[in-house]
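# Observations on chain architecture
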Amino acid sequence: MRLSGKNVLLGVTGSISAYKAAELCRLLVKEGANVKVIMTSAAADFISPLTLSTLSKNKVELHMVNQDYFWNNHVELGLWANLFLIAPISANTIAKMANGISDNLLLTVFLSAKCSTMIAPAMDHDMYLHPATQTNLKILASRNTFIIGPEKGELASGLIGEGRLTEPSQILIEVINFFKNTGKLKDKKILVTAGPTREPIDPVRFISNHSSGKMGVSLATAFVNEGAVVTLVAGPIQLTIPSSIKLISVETADEMYQQCIQLFPDADIAVMAAAVADYTPSNPADIKVKKKQDDLNLLMTKTIDILAECGKIKKAHQLLIGFALETDHELENAKDKLERKNLDLIVLNSLKDEGAGFATDTNKITLIDRNNNIKEFPLKNKNDVAIDIVQKIIELSNE
Ligand SMILES: Cc1cc2nc3c(=O)[nH]c(=O)nc-3n(C[C@H](O)[C@H](O)[C@H](O)COP(=O)(O)O)c2cc1C
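Please read all numbers here as calculations on a predicted model, not as lab measurements.

### Things to note about the site of the ligand
With respect to spatial proximity, 14 residues lie near the ligand, and among them G14, T40, S90, A91 and T93 are the closest. Separating an oxygen atom of the ligand from a side-chain N or O atom of S15 is a distance of 2.8 Å. S90 places a side-chain nitrogen or oxygen 2.6 Å from an oxygen atom of the ligand. Relative to its unbound accessible surface of 650 Å², the ligand loses 63% to contact with the protein. Of all the elements, helix 5 (residues 91-98) adds the most residues to the shell around the ligand, at three residues.

### Some points on the packing of helix 11 (residues 253-263) against helix 12 (residues 306-313)
Here helix 11 crosses helix 12 at 20 degrees, and the two axes come no closer than 10 Å. On the basis of the axis angle, helix 11 is roughly parallel to helix 12. Crossing geometry of helix 11 relative to helix 12 is assigned as right-handed. Along the contact surface, helix 11 presents A253, M256, Y257, C260 and I261, while helix 12 presents I306, E309, C310 and I313.

### Description of the side chain of N7
In this structure, N7 sits in strand 1 (residues 7-12). Of note is the side chain of N7, whose polar atom sits 3.0 Å from the backbone oxygen of W80. Here N7 is in contact with N34, W80, A81, N82 and L83, once residues within four sequence places are set aside.

### Points about the domain arrangement of the protein
When the domains of the protein are assigned, the result is domain 1 (7-182) and domain 2 (189-397). Taking only C-alpha atoms into account, the centre of domain 1 sits 41 Å from that of domain 2.

### Points about the environment of I368
Relative to the assigned elements, I368 resides in strand 19 (residues 366-369). With relative accessibility at 0%, the residue I368 sits in the buried group. Residues I368 and I387, spaced 19 residues apart in sequence, show a C-alpha to C-alpha distance of 16 Å. Excluding residues within four positions of it along the chain, I368 makes contact with L331, A334, K335, L338, D344, L345, I346, L348, N373 and I374.

### Side note on the packing of aromatic side chains
Per the stated rule, a full pass over the model turns up two aromatic pairs. Both rings, one in F146 and one in F178, keep their centres 5.4 Å apart while their planes meet at 80 degrees; by these two values the pair is edge-to-face. In this pair, F146 is assigned in strand 5 (residues 146-147) and F178 in helix 9 (residues 168-182), connecting sequence segments 32 residues apart. For F146, a relative accessible area of 39% puts it in the partly exposed group. Residues F178 and F179 carry aromatic rings whose centres are separated by 5.0 Å and whose planes lie at 75 degrees to one another, so their mutual orientation is edge-to-face. The pair F178 / F179 is uniform in exposure class, with both members buried. Joined through ring pairs, the aromatic side chains of F146, F178 and F179 make up one cluster. Across the ring face of W80, the terminal group of K36 is positioned such that the distance to the ring centre comes to 4.5 Å.

Procedures and definitions
- Residues numbered from 1 in each chain as written.
- Predicted model: local features only at pLDDT ≥ 70, side-chain atom pairs only at ≥ 80, totals over all residues.
- Heavy atoms only, no water.
- Near = heavy atom within 4 Å.
- Polar contact = N/O pair within 3.5 Å; in protein donor to acceptor, adjacent residues only side chain to side chain.
- Areas by Shrake-Rupley, 256 points an atom, 1.4 Å probe, with all protein chains shown as cover.
- Helix = DSSP H or I, 4+ residues; strand = E, 2+ residues; numbered from the N terminus.
- Axes fitted to C-alpha atoms, helices over the stretch in contact; angles between N-to-C directions.
- Parallel < 35°, antiparallel > 145°, perpendicular 65-115°, else oblique.
- Left-handed = near helix turned anticlockwise from the far one by under 90°.
- Contact = heavy atoms within 4.5 Å.
- Domains from an automatic or database assignment.
- Buried < 20%, exposed > 50% of the residue type's maximum accessible area, 1.4 Å probe, protein only.
- Phe/Tyr/Trp six-rings, centres within 6.5 Å; stacked < 30°, edge-to-face > 60°.
- Lys NZ or Arg CZ within 6 Å of the ring centre and 35° of its normal.

What follows is the structure, given as structure tokens:
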């Protein structure tokens, strides 16, 4: 899922190729993008808003004012979007955009949006080559509107020439590349750990914990969305990992340590979100332990503290981030961990907070940085928590 968490506002205008917007919408959603659709009135003559609302799983917006006289806030839609993609875009809408005309919702959003705009023209050969259209496209390009296509080929009019909408699969690639090339952490190397570890007692039993790995996977995804190159070292987890993340699967605390200590020197940023076992059975049995005596004593040995070891070898340009899951004296314990382990940031979550911590879809965090800045966040979905953490890390990396 190469577009996880990205907000794409899909604009559709009155072209015969508007039916292809359905396929484009489906492909964007399949890649994990949150898609909202705005159509012009003309577009709705070519493709039903119901098709696009069903595929985008969101209400489709057409008018500035709803039937119940409620104003559609174009500023909010423009602020929500990470990318405004208009595909197909008609000669008419291109002309209006180039001239700042805003007589429908789509155009008003264009003028107020803060994000980048991509357009994929589709029209008849003659309309496309007309000097007016060519000049309008040049004006938009000079204002940093990305233009995709159009292609040469058979047109709806029966003519063969330039003006054919670029295929949805190719538009999708352009969108993915756009996000790859625009992140605030472009090409930074990030190491993230996630999930629990399993410490063997014998060949069939182990000691583990309830960590699902969701927080680490959400973080890895949020980093990828900022253009970073992410390696995820994960214990046993049951989650789908986007193909843009390099996954290294491990089982035990020691295996996780071996991977991290090798990868950390080459990382710009490391976030240790895994719930690594603190102790491991000292002498795991080679064969299954039989049920004999009433009591069984298990001798345990301390595992290597991965975070502390990375803290010892951390270079000035590197950022090291840890998690603290506390049940008491939360702030005090987290600050102590930050200092002891030479961290730049610690993410504190308290098991006292409902909806926070292990195996939930939500988390409630407090961020404490190396300068003792403390910021508490409300309960949020783990994907949104990951975005908050990544934004803070971007801030720290710019210091
Ligand atoms: C059957 C039909 C197909 C059309 N196809 C296109 C097209 O592919 N590209 C285009 O720029 N205009 C096309 N038009 C003209 C636009 O629909 C027209 O300019 C409309 O005003 C565009 O409105 P909008 O830009 O607000 O969506 C077509 C019109 C009709 C009737």
